[in-house]
Amino acid sequence: MTVASNVETRGFETEAKQLLHLMIHSLYSNKEIFLRELISNASDAADKLRFQALSDPSLLAEDSELQVQIDVDSKKRTISISDNGIGMTREEVITNLGTIAKSGTAQFLETLTGDQKKDSQLIGQFGVGFYSAFIVADEVEVLTRKAGTDASEATLWKSSGEAEYSIESASKETSGTVVTLHLKKDEKEFAEPYRIRSIVKKYADHISIPVLMEKQDFSEDKEKSKNKEKEYETVNAAKALWTRSRKDVKDDEYKEFYKHVSHDFEDPLDWSHNRVEGKLEYTSLLYIPGRAPYDLWNRDAARGLKLYVQRVFIMDEAEQFLPLYLRFIKGVVDSNDISLNVSREILQKDPVVDSMRSALTKRALDMLEKLRKKDKDKYDAFWKEFGQVLKEGPAEDFANRERIAKLLQFTTTQSGSDKQDQGLDDYVSRMQENQDKIYYLVAENLKAARNSPHLEIFRKKGIEVILMVDRIDEWLMSHMHEFDGKHFQDIARGELDLGKLDDAAEKETKEKSEEKLKDLLERIKASLGERVKEVRISHRLTDSAACLAVDEHDMGAQMRKIMAASGQPVPETKPIFEINPDHPLIGKLDAEPDEDRFGDIVAILFGQASLADGGQLEDPGDFSARLNKVLLELSH
Ligand code: ADP
């Protein structure tokens, strides 16, 4: 079989095709990023080769330095990016360039709107990579040879970025990859050396290997220079960014480096760069992204830091260095203590990794704390994107519970906004003189929370209540007991005791009405039967006639929903029915001689109380029938 006869035409996988199409059409306003993406791939390929060479030194020829070379030909309108990195086999070319291996791609594509501006942002979060070449090129060729294979085993891939690509066997003198872009007619600016140089400076200074371009020749004698051999020079700083001293790195460089490691298009919110010396030696550079990735809630989604050992790249997504609730943090960790031939399995058991993990966790929490102090708007933006993930913290990380608590934000009855922008410290600073607890209410949504009858007494007394409406909140609160020495109190749970906030006169009235309405409570209990755990006089209500409370140790509505949704058995719990002794309806009820009518009113009050909590009626038909009956009697 001759090499040339081995041409095969293949169609892109559907998802790849969709993505390609979108990319070409929505990233037109930021075309130059294609170069960043291709250099980033070349640098990753060099990293991978260096790593493989640890176990097989013959892969890395001693005299050749790992590097990227960029050649432009303005006459032919081409630009090529060559690396001497790991290269790809034919099979790898097919999977890497013909399909999209990321989990959740289909769901991601469904989120696209057709609005180019929005979509380009989404694609940015998804990461565009190699396909961005098609933003500026109408044909792309990839010639690649895997390190350790023969010159004749190379592969040539070609595509015009539409439905198909061709793939054929080829030969290539050295291992590595050359990506050649045939630029579209109106993109010829990218075949101008000075333009490319400035893009490289902008995007690739932090890349640890040299990026070479042909030396500019300003000599007058064209004939003479024509015969000269091409001379190349390094155009980037070519030093791994995290190895540089903090004071020498500009903000823009940190931002660019973030885009390289995270595959994100947008700037990070903040970062923290540290070198640790002593018992353990490592450098870490952690970033807080500006926006949640499309797959934040996908359990299998990639997470973790890029791991280097003594500046040699070891692996992407080393998730052992941070707990799950900090999975949004991106960055690099470079250790001097871990062995170069470490594997994921070994990392899991390595005590060095454990110590690094607790130090990096503290570092990340510290960075968030500082951000909250220094730039509240940015922190609010962070909270909006990642707050729910951070709320997993107190359950997962017992040791840092206090610190995480300081980072939590909520809406409260007095914050004047629906935004979750109030910290527990803000709440505590506004607590009343006699208040010793932090009060909160868990509800289905903000509207239900604000209208909850449980808030009535708090409103009357001007006591602030935290409104919790995220699904995770009840679970979160089951792991939080106090903050700043103050206990948390769910205001819908247990017998409400306002402690010193109650005055003696109120207590006395309550006791009196308890005595007076003893018979009524028993009558109601008999009428509701098994539907309630207890019937008692409420201390929470000023306007409503009745409400439901959850017993001290029972599971609340939110947790029950979560458990039911995940298919787990939900323990049966009954609510406590509380009535407001000062409400005229209760007075009427007490005086009602007709048992049927009494039962109807009790059932209606009970139904209303369930609805007011955002719950559902057990038997809506029965509720309406009784309500109508009472209404009809009214009109007689
Ligand atoms: P990403 O870099 O985000 O994984 P890309 O679409 O940029 O996605 O690239 C897909 C894959 O193709 C890469 O993960 C890598 O395995 C392979 N690849 C791309 N460029 C090169 C290269 N220059 N050398 C070796 N492999 C490459």
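How each quantity is defined
- Residues numbered from 1 in each chain as written.
- Predicted model: local features only at pLDDT ≥ 70, side-chain atom pairs only at ≥ 80, totals over all residues.
- Heavy atoms only, no water.
- Pairing = 2+ DSSP bridges.
- Helix = DSSP H or I, 4+ residues; strand = E, 2+ residues; numbered from the N terminus.
- Axes fitted to C-alpha atoms, helices over the stretch in contact; angles between N-to-C directions.
- Contact = heavy atoms within 4.5 Å.
- Near = heavy atom within 4 Å.
- Polar contact = N/O pair within 3.5 Å; in protein donor to acceptor, adjacent residues only side chain to side chain.
- Areas by Shrake-Rupley, 256 points an atom, 1.4 Å probe, with all protein chains shown as cover.
- Core = buried A, V, L, I, M, F, W, Y, C linked by side-chain atoms within 4.5 Å.
- Buried < 20%, exposed > 50% of the residue type's maximum accessible area, 1.4 Å probe, protein only.
- Phe/Tyr/Trp six-rings, centres within 6.5 Å; stacked < 30°, edge-to-face > 60°.
- pLDDT = per-residue confidence, 0-100.
- Parallel < 35°, antiparallel > 145°, perpendicular 65-115°, else oblique.
- Left-handed = near helix turned anticlockwise from the far one by under 90°.

### Topic: the sheet that holds strand 9 (residues 232-234)
Reasoning step 1: With respect to topology, nine strands assemble into an open sheet ordered 1-6-5-4-7-3-2-8-9, the strand pairing being mixed. Two strands close off the open sheet at either side, each with one partner strand: strand 1 (8-11) and strand 9. If you compare each strand with its neighbour and ignore which way they point, the axes differ by 20 degrees on average.
Reasoning step 2: In this sheet, strand 9 lies alongside strand 8 (residues 211-214) in antiparallel orientation, the contact comprising three bridges. Considered in strand 9, the bridge of Met-213 is made with Glu-233.
Reasoning step 3: Where helix 2 (residues 33-55) meets the sheet, it contacts strand 2 (68-73), strand 3 (78-83), strand 7 (176-183) and strand 8, and its direction lies at approximately 20 degrees from that of strand 3.
Reasoning step 4: Sheet contacts for helix 3 (residues 90-98): strand 1, strand 4 (137-145), strand 5 (154-159) and strand 6 (164-170); angle to strand 6, the most-contacted strand, approximately 160 degrees.

### Remarks on the site of the ligand
Reasoning step 1: Taken together, Asn-41, Ala-45, Lys-48, Asp-83, Met-88, Asn-96, Leu-97, Gly-129, Phe-130, Thr-177 and His-263 make up the full set of residues adjacent to the ligand.
Reasoning step 2: Note that an oxygen atom of the ligand is positioned 2.8 Å from one of the side-chain N or O atoms of Asn-41.
Reasoning step 3: Between the ligand and Phe-130 there is a distance of 2.8 Å, counted from an oxygen atom to a backbone nitrogen or oxygen.
Reasoning step 4: Protein chains shield 77% of the accessible area of the ligand, which is 530 Å² for the free molecule.

### A few points about the nonpolar core
Reasoning step 1: The biggest cluster of nonpolar side chains holds 74 residues, and the ones touching the most others in it are Leu-307, Phe-321, Leu-326, Ile-329, Ile-338, Phe-382 and Leu-390.
Reasoning step 2: Ranked by residues supplied to this core, first place goes to helix 11 (residues 351-374) with nine residues.
Reasoning step 3: Not counting chain neighbours up to four residues away, the residues in contact with Ile-329 comprise Leu-286, Tyr-287, Ile-288, Gly-304, Leu-305, Leu-322, Ala-364 and Met-367.
Reasoning step 4: The next biggest cluster of nonpolar side chains, apart from the first, holds 64 residues, and it includes Leu-59, Leu-112, Tyr-131 and Val-140.

### What to know about the packing of aromatic side chains
Reasoning step 1: Scanning all chains against the criterion turns up 20 aromatic pairs.
Reasoning step 2: Measuring from ring centre to ring centre gives 5.3 Å for Phe-34 and Phe-190, while their planes differ by 85 degrees; the resulting arrangement is edge-to-face. Note that Phe-34 is positioned in helix 2 and Phe-190 in the loop between strand 7 and helix 7 (193-204), a separation of 156 residues in sequence.
Reasoning step 3: Residue Phe-34 is classed as buried on the basis of its relative accessible area, which comes to 0%.
Reasoning step 4: Ring centres 5.2 Å apart and planes at 50 degrees place the aromatic pair Tyr-379 and Phe-382 in the tilted group.

### Side note on the confidence of the model for the protein chain
Reasoning step 1: Predicted confidence across the protein chain gives a mean pLDDT of 89, with 95% of residues reaching 70 or more.
Reasoning step 2: Taken element by element, the predicted model of the protein chain shows its lowest mean pLDDT in helix 8 (residues 222-227) (63) and its highest in strand 11 (residues 282-288) (98).

### Here's the deal with the environment of Thr-411
Reasoning step 1: One can find Thr-411 in strand 15 (residues 409-412).
Reasoning step 2: In this structure, the C-alpha to C-alpha distance between Thr-411 and Leu-467, residues 56 residues apart in sequence, is 5.6 Å.
Reasoning step 3: In this structure, Thr-411 is in contact with Ser-417, Asp-418, Lys-419, Gln-420, Leu-446, Arg-450, Ile-466 and Leu-467, ignoring residues within four places of it in sequence.
Reasoning step 4: Reaching out from Thr-411, the side chain makes a polar contact with the backbone oxygen of Lys-419 at a distance of 3.4 Å.

### What to know about the sheet that holds strand 17 (residues 437-442)
Reasoning step 1: Taken together, six strands build an open sheet; the order of strands is 16-15-18-17-20-19 and the sheet is mixed. The sheet is open, and its two borders are formed by strand 16 (422-423) and strand 19 (482-483), each paired with just one other strand.
Reasoning step 2: For strand 15 and strand 18 (residues 466-468), the ladder comprises two bridges, and the chain directions are antiparallel. If you follow Thr-411 over to strand 18, its bridge partner there is Leu-467.

### Comments concerning the packing of helix 11 against helix 12 (residues 376-390)
Reasoning step 1: Taken N-terminus to C-terminus, the directions of helix 11 and helix 12 make an angle of 140 degrees; their axes are 8 Å apart at the nearest point. The angle between helix 11 and helix 12 falls in the class oblique. Regarding helix 11 and helix 12, the two cross each other, and that crossing is left-handed. Residues Leu-368, Leu-371, Arg-372 and Lys-374 of helix 11 form the contact with helix 12, whose own contacting residues are Lys-376, Lys-378, Tyr-379, Phe-382 and Leu-390.

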